[in-house]
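Report on the structure
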Amino acid sequence: MDIRKKTFCLRRFIKRHSGKCLILIVIIIIGTYLFYTVRASQFYQPYLLPEVHRIAPVPLPGRKYPEKKWLKRMNSLEAARYAQSQYIGMEIDIVFEEGQRFLDVRHPPTASIGLSLDVLIGEIKNPRHHFYWLDFKNLTDANKQTALDELYRIARKYDIVNNIIVESSNASVLTNFSDRGFYTSYCLPRIEANKMTAEELKSHVNNIFNQLDKNPVNYVSANQNQYPLIKKYLIGYDMLLWNSTDNPLAAEIIERKLLKDPHVKIILVEDKSVGYR
């Protein structure tokens, strides 16, 4: 049978059974989506990770928050007005402008709009009734004291020192903030553990241990893909996590799993309803 005849037969078959073909196509699409959703919602198993014969440093004591789901990127006045009636906790991105002693609210590479943390918190009617996860993007040993002084001034102004978590990927700067009464979180380096060799992963974990040994913190923070790594190596640590998948159904499945873990204290929710930037 030549190609023309095969094509003609196929077209005739589809025409006669168009309803069944459509149903089959829909089933294939749904099945494919569900297959990849299940894959996206599964963590790699901790038992597959190599053993590291070292005990994790003891964390500083954390606290329990009224709710685990906090708003991600409350970086505008519009978002603050919206969030205060929807969420008990908010994550705010901060770039410290040292020359101006200015805590600039923005998530690089997003450009500055000149919004200070002081003004943002002031937009909330009852600041003491909320909690704030401050993701500092550029804390260094050189600017940490100036940044701390400005943050402490703002926190005292609104009486929210104990309501603030200071997060940085530079663990060495966090001790100063702990000493002034803030909760602190070490943002773990981003990795894909399932793509690393055993030796690379051991070295990575030992580096984390070294940082936490010298710089105790209340929490560790990371995207949710690193949850198995934290559970295996950082035993006893409370976690602050955020979503790392674009699949909304997979995100919902993962979120339900994580909410059951008492060591997961916060999960950031990406709500782009108002003022997301």
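In this text, all values refer to a predicted model and were calculated from it rather than measured experimentally. (Residues numbered from 1 in each chain as written. Predicted model: local features only at pLDDT ≥ 70, side-chain atom pairs only at ≥ 80, totals over all residues. Heavy atoms only, no water.)

1. As for the overall build of the protein chain
Note the cut-off: By definition, any uninterrupted DSSP run of H or I lasting at least four residues is a helix, any uninterrupted run of E lasting at least two residues is a strand, and each is numbered from the N terminus. For the exposure calls, accessible area comes from a 1.4 Å probe over protein chains only, and a residue counts as buried if that area is under 20% of its type's maximum, exposed if over 50%, partly exposed in between. We call two residues in contact whenever any of their non-hydrogen atoms come within 4.5 Å of each other. Here the open area of atoms and residues is found with the Shrake-Rupley method and a 1.4 Å probe, where only the protein chains shown may cover a residue.
The number of helices and strands found in the protein chain is 9 helices and 9 strands. Counting over 277 residues, the protein chain shows a buried share of 46%. A fraction of 69% describes how many contacts in the protein chain between residues 6 or more apart in sequence connect residues 24 or more apart. A total of about 15000 Å² of accessible surface is found on the protein chain, and carbon and sulfur atoms cover 54% of it.

2. Structural notes on the side chain of D271
Going by this rule: Counted as positive: Lys and Arg. Counted as negative: Asp and Glu. His and the chain ends are not counted at all. For this analysis, a salt bridge means a side-chain nitrogen from Lys or Arg found within 4 Å of a carboxyl oxygen belonging to Asp or Glu. N or O atoms within 3.5 Å of each other form a polar contact, as long as, within protein, one can give a hydrogen and the other can take it, and as long as residues adjacent in sequence are counted only when both atoms are side-chain atoms.
Assignment of secondary structure puts D271 in the segment after β9 (264-269). Buried and without a salt bridge, D271 has K69 as its closest oppositely charged side chain, separated by 9.6 Å. Here Y82 takes part through its side chain, which lies 2.6 Å from a polar atom of the side chain of D271. Excluding residues within four positions of it along the chain, D271 makes contact with L71, Y82, Y87 and Y276.

3. Observations regarding the pattern of salt bridges
A side chain with one charge can pair with a side chain of the opposite charge if their charged atoms come near. The full count for this structure, using the stated rule, is 18 salt bridges. For E270, the salt bridge goes to K72, with nearest N and O atoms at 3.9 Å. Of this pair, E270 sits in the segment after β9 while K72 sits in the loop between β1 (69-71) and α3 (77-83), placing them 198 residues apart in sequence. The class for K72 is buried, based on a relative accessible area of 19%. With a shortest N-O distance of 2.8 Å, R153 and E150 are connected by a salt bridge. Here E150 and R153 lie together in helix α5 (residues 144-158), a separation of 3 residues that amounts to about one turn. Owing to a relative accessible area of 10%, E150 belongs among the buried residues under this scheme. Within the structure, one salt-bridge network assembled from shared partners comprises D118, E150, R153 and K157.

4. Some thoughts on the side chain of H130
By the secondary structure assignment, H130 is in the loop between α4 (117-122) and β4 (131-136). Exposure remark for H130: the relative accessible area of 7% places this residue in the buried category. Ignoring anything within four residues of it in the chain, the contact list for H130 reads Q84, Y87, I88, M90, I124 and N163.

5. Some points on the pairing of strand β5 (residues 164-168)
The cut-off we apply is this: In this description, strands pair whenever DSSP reports at least two bridges between them. With strands facing away from the observer, any crossover in which the path from the first strand over the helix to the second runs clockwise is taken as right-handed.
Summarising burial for β5: 5 of the 5 residues are buried, a large majority. Side-chain alternation along β5 places I164, V166 and S168 on one buried face and I165 and E167 on a second face that is also buried. When β4 meets β5, the two strands line up parallel, connected through 4 bridges. From the neighbouring strand, L134 faces β5, where its bridge partner is V166. Of the crossover connections in this fold, the one passing from β4 over α5 to the parallel β5 is right-handed. In this sheet, strand β6 (residues 183-187) lies alongside β5 in parallel orientation, the contact comprising 4 bridges. Along β6, the bridge assignment pairs E167 with S185.

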